[in-house]
Amino acid sequence: MAAPAEVLLINKEYLVKMTNLSRSVDTDMVTSSIILAQDIHLTPVLGTRLMQAVKEGEYTELLDNYIRKALVWWVFADILGKLYVRVENGGLFMRSAQNGDQITSDEYRMKRNECESNARLYTSMLSDYLSANHNLFPELNQNSFPDKSPQGSPYKRKRIRISGGARVESTRDQDKYL
């Protein structure tokens, strides 16, 4: 029995257009990274029901203006790791450069951090948009077990609120959808 086809919110062409990823990167590698990023970075922000609605073609403005921007950078960060290290029967190996010099692990970390920083920025923008416009997305409040309820962006910094001279750590009320 074949598994149902996964709906991908971006494709390889979009990733190549928005980043400096080479067209020669294996399509299966890109596909697996898209599925992973959708599951671990976007579903917690959108919740299961809203993610399903987006996959079914609803909320194209949300998809085009917010979701794809975050997704492309999460996917690119994941692919960088797959391009830097390969897994074979004998273990883990650094890939060798075919058309250039091999980068150092520090250079790799710097590029990955840049991608993750972009991804966190766009994920936070997505979360802010959902918070400010939660009334447009009834699916945000329609999740029940085993669905995942939206948690807002896990990449927001805690804000310090000064109240009566005491420092109190809190997150903005806007970060919650309920």
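We now turn to the structure provided with this report.

### Side note on the overall build of the protein
Link 1 in the chain: A count of helices and strands for the protein gives five helices and four strands.
Link 2 in the chain: The helix and strand sequence of the protein, counted from the amino end, reads α-α-α-α-β-β-α-β-β.
Link 3 in the chain: Each of the 178 residues in the protein was classed as buried or not, and the buried ones make up 35%.
Link 4 in the chain: Intrachain contacts of the protein at a sequence separation of at least 6 include 70% that bridge at least 24 residues.
Link 5 in the chain: With an accessible surface of roughly 11,200 Å², the protein has 50% of that area assigned to carbon and sulfur atoms.

### A few points about the packing of helix α2 (residues 27–46) against helix α3 (residues 48–55)
Link 1 in the chain: For the pair α2 and α3, interaxial distance at closest approach is 7 Å and the crossing angle is 110 degrees. Classified by the angle their axes make, α2 and α3 are roughly perpendicular. Where α2 crosses over α3, the handedness of that crossing is right-handed. Taking contact as the criterion, the partners of Q38, L42, T43 and L46 in α2 are, on α3, T48, L50, M51 and K55.

### So, unusual backbone geometry
Link 1 in the chain: One non-glycine residue, Y59, lies in the positive phi region at around 60 degrees.
Link 2 in the chain: Here Y59 is to be found in the loop between α3 and α4 (60–84).
Link 3 in the chain: Residue Y59 is classed as partly exposed on the basis of its relative accessible area of 21%.

About the thresholds
- Residues numbered from 1 in each chain as written.
- Predicted model: local features only at pLDDT ≥ 70, side-chain atom pairs only at ≥ 80, totals over all residues.
- Heavy atoms only, no water.
- Helix = DSSP H or I, 4+ residues; strand = E, 2+ residues; numbered from the N terminus.
- Buried < 20%, exposed > 50% of the residue type's maximum accessible area, 1.4 Å probe, protein only.
- Contact = heavy atoms within 4.5 Å.
- Areas by Shrake-Rupley, 256 points an atom, 1.4 Å probe, with all protein chains shown as cover.
- Axes fitted to C-alpha atoms, helices over the stretch in contact; angles between N-to-C directions.
- Parallel < 35°, antiparallel > 145°, perpendicular 65-115°, else oblique.
- Left-handed = near helix turned anticlockwise from the far one by under 90°.

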